[in-house]
Amino acid sequence: MADFRKSTVYQIYPKSFYDTDGDGLGDLKGVTAKLDYIKELGVDYIWLTPFFVSPQKDNGYDVEDYYNIDPRYGTMEDFDELAKEAEKRGIRLMLDMVFNHTSTRHEWFQKALAGDEKYKNYYIFKKGKKPGVPPTNWDSKFGGNAWEYVEKFDEYYLHLFDVTQADLNWDNEEVRKEVQNIVKFWMKKGVKGFRFDVVNLISKGIFEDDFEGDGRRFYTDGPNIHKYLKELNETTFGTDAEIITVGEMSSTSIENCYQYAGAESNELSMVFSFHHLKVDFMGNEKWVLVPFDFQKLKNIIFEWQTKMSQHNAWNAVFWCNHDQPRVVSRFGNTEKYWKESAKMLATVVHCLRGTPYIYQGEEIGMTNAGFTDISQYKDVESLNHFRILQEKGLTEDNAYSILKVHSRDNSRTPMQWNNGENAGFTSGTPWIEVIKNYKYINAESQIDDENSVFAYYKKLVKLRKDEDAISYGDFQSMAENHKEIFAYKRQYNGETIIVVNNFYGKEILWDTEIDLSGYKCILSNYNDSKVDRVLKLRPYESIVLKK
Ligand code: TEU
């Protein structure tokens, strides 16, 4: 089996990856068609975001039927073909399992609405506090109250996300059995990886009003969460040592992650946490404009790296996914140092302790969308918050400038394959606009260019395979309080790797206070980096040193 500590995962958002039938939406056949490209990058797994039958209110995170492929994405034959072709190339598939909630169009929810008690018990229905007042004051993550009234029962159901995404009742054993059966079904199809969507929200705690926050402290990392994960592990994927798993942990605590991803805990292989991506928020509030806090970014990453290592637990490491803005727009420089900063940011993540994830287009330095009109936005969260921000009194222009920075659509624009029509994504009309810069940011122009961002990602993927200090080594932070430098050290079996990054666009000198004479440079985003005790770092320069 592929050792997940030496592996890299490539995330595909099928809707925006490659369209083979001209309907403007990417499809599974499109993933199969691009397997050689993915193979060229050298990654071991592809994580496919949900392609199950779904009304697509939240682009597939609202599942109507977990056992079938949404016709928009293709057929079960297309899936089998993809699995077969991927296997031929030594690439494994990781599927995205959304088990905190189902679409309200799911058969279970429909039966619940029809009054079938068995299925009502699959969800979380509760009486209001008094007429017209929901059971708690919790906010939905997509805006508004988290409860929806059903007149017929004079009860509310819980939806932590969209109103069409009803939360499942994991305290009901029958629900847990249903979930196990779904996982087993996909295991039988040869799937060797699972990502579990917002899985630390499945065990609800007490249903109380929250006067300090939005309610998340009552349902995040809830009372039975470790029990439910262990049970899922034991009854399904834990029976196959080749399978790797990653849990998406929303607003989690590091202490819980020691367990979720502990080598001995029999829960999951690794975890996604998001604290390092809230450094341009105000607390938990995302819909604001504040510059990112570099010191905080370092503190969080250093803390997670150090403590997860001390507790023998494993991180997934990443900047980008389908919910996050593009990292080169967020922490890099899309003007003068687009290429340098894209490579620097890649270096920071790919030499950390953990399994790196690359989100489609990141490997060619794709940028934020730059949308200027609400008609260009498609994401339910963005559309809701555009309205909510204005209800709170912001001008339309202010609401636009916030969306431009934080909208999830920033990363959902079509993959830029070439400089032809629609960036080579579709022969039809793309479901969401292609970014204009595809003329110069596209895969075709980078694949054979040894100085491209793509070529650099390729080197990083290979470096993890070649260098045990990167895949297995322990982690030590460096230059903790330096205003511009992101540096750290990895050590394993007498080998040391030092990773130094200038996070900003001006040249700096940094005295490493280390005798670097025994070190050689094994990777840099400049061709002629010099190794001296005092390092001269050019704009966004990255240097990886080895002894
Ligand atoms: O996301 C979970 C989640 O809470 C965030 O990423 C969320 O989208 C963001 O913080 C809101 O500001 C997962 C999926 O990745 C996302 O695409 C789904 O919309 C969500 O779960 C619901 O299934």
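Numbering of residues starts from 1 in every chain and runs along the sequence as written. The predicted nature of this model means local features are confined to residues of pLDDT at least 70 and side-chain atom pairs, given and counted, to a pLDDT of 80 or more, with totals for whole chains, interfaces and linings taken over all residues. Derived side-chain values reflect all non-hydrogen atoms in the structure, with water molecules and hydrogen atoms excluded from consideration.

1. Observations regarding the packing of aromatic side chains
In step 1: Working definition: a ring pair exists when centres of Phe, Tyr or Trp rings (six-membered ring for Trp) sit within 6.5 Å. Plane angles under 30 degrees give stacked, over 60 give edge-to-face, the rest tilted. Scanning the entire structure with this criterion turns up 57 aromatic pairs.
In step 2: A ring pair is formed by Y119 and Y122, whose centres lie 4.8 Å apart and whose planes are at 55 degrees; its orientation type is tilted. Each of the two residues, Y119 as well as Y122, counts as buried.
In step 3: Relative to Y219, the ring of W138 lies with its centre 5.3 Å away and its plane at 55 degrees, an arrangement referred to as tilted. In this pair, W138 sits in the loop between strand 7 (125–126) and strand 8 (147–150) while Y219 sits in helix 7 (residues 216–219), placing the two residues 81 residues apart along the sequence. With respect to class, W138 is no different from Y219; both count as buried.
In step 4: Here, over-ring charges are defined by two tests on the NZ atom of lysine or the CZ atom of arginine: distance to the ring centre within 6 Å, and angle to the ring normal within 35 degrees. K34 extends its terminal NZ or CZ atom over the ring of Y18, reaching a point 4.3 Å from the ring centre.
In step 5: One Lys or Arg, K34, reaches over the ring of W417 and ends 4.1 Å from the middle of that ring. Type-normalised accessible area, obtained with a 1.4 Å probe on protein chains alone, sets the label of each residue: buried when under 20%, exposed when over 50%, and partly exposed for intermediate values. The helix and strand labels rest on DSSP assignments: H or I over at least four residues marks a helix, E over at least two residues marks a strand, and numbering proceeds from the N terminus.

2. Topic: the sheet that holds strand 14 (residues 316–317)
In step 1: Read across the open sheet, the eight strands follow the order 13-12-11-5-2-1-15-14; overall the sheet is parallel. Each edge of the sheet is formed by a strand with only one pairing partner; in this case those strands are strand 13 (270–272) and strand 14. In short, DSSP must find at least two bridges between two strands for them to pair.

3. Looking at the pattern of salt bridges
In step 1: Just to be clear on terms, a salt bridge is a Lys or Arg side-chain nitrogen sitting within 4 Å of an Asp or Glu carboxyl oxygen. Under the defined criterion, the tally for this structure stands at 48 salt bridges.
In step 2: When the shortest N-O distance is used, the salt bridge between E107 and K111 registers 3.1 Å. Residue E107 and its partner K111 are both found in helix 4 (residues 107–113); the two are separated by four residues, about one turn of the helix.
In step 3: A relative accessible area of 47% places E107 in the partly exposed class.
In step 4: You can call K111 partly exposed: its relative accessible area is 31%.
In step 5: E495 serves as the salt-bridge partner of K546, at 3.8 Å between the closest nitrogen and oxygen. With K546 in strand 22 (residues 542–546) and E495 in strand 18 (residues 495–502), this pair connects stretches of sequence that are 51 residues apart.
In step 6: For K546, a relative accessible area of 16% corresponds to the buried category.

4. Observations concerning the sheet that holds strand 7
In step 1: Reading across from one edge, 7-9-8 is the order of the three strands in this open sheet, with antiparallel pairing throughout. Edge strands, defined here as strands with exactly one partner in the open sheet, are strand 7 and strand 8.

5. Description of the pairing of strand 15 (residues 355–359)
As a general feature of sheets, a regular strand has side chains that alternate between the two faces.
In step 1: Strand 15 sits mainly inside the fold: five of its five residues count as buried.
In step 2: Every second residue of strand 15 is oriented toward a common face, with T355, Y357 and Y359 on one face and P356 and I358 on the other, all of them buried.
In step 3: Inspection of the sheet shows strand 1 (residues 9–12) paired to strand 15 by three bridges, in the parallel sense. The partner of Q11 across the bridge, within strand 15, is Y359.
In step 4: Pairing between strand 14 and strand 15: two bridges, direction parallel.

6. A look at the domain arrangement of the chain
In step 1: Looking at the assigned domains, one finds that the chain contains domain 1 (9–100 + 173–460), domain 2 (107–167) and domain 3 (473–546).
In step 2: Taking only C-alpha atoms, the centre of domain 2 and the centre of domain 3 are 53 Å apart. Where each domain starts and ends follows an automatic or database-derived domain assignment.

7. Observations regarding the site of the ligand
In step 1: The environment of the ligand is formed by 16 residues, the closest being D58, D197, D323, E381 and R408.
In step 2: Here a polar contact is recorded for every N or O atom pair within 3.5 Å, except that within protein the pair must consist of a potential hydrogen donor and a potential acceptor, and residues adjacent in sequence are included only if both atoms are side-chain atoms. Here D197 contributes a side-chain N or O atom positioned 2.8 Å from an oxygen atom of the ligand.
In step 3: All accessible areas in this document rest on Shrake-Rupley with a 1.4 Å probe, and a residue is counted as covered only by the protein chains that are shown. Burial of the ligand by the protein amounts to 89% of the accessible area it has alone, namely 490 Å².
In step 4: Residue contributions to the shell around the ligand reach at least three from each of two domains, namely domain 1 (9–100 + 173–460) and domain 2 (107–167). Near is defined per residue: the residue qualifies when any heavy atom it owns lies within 4 Å of the molecule or strand.

8. Regarding helix 3 (residues 76–88)
In step 1: Here helix 3 spans 18 Å end to end across 13 residues, near enough to the 18 Å set by a 1.5 Å rise per residue.
In step 2: Every buried residue belonging to helix 3 is among M76, D78, F79, L82, A83, E85 and A86, and all of these are buried.
In step 3: Immediately downstream of helix 3, the backbone of G90 shows phi near 75 degrees, a positive value. An expected span of 1.5 Å times one less than the residue number is assigned to each helix.

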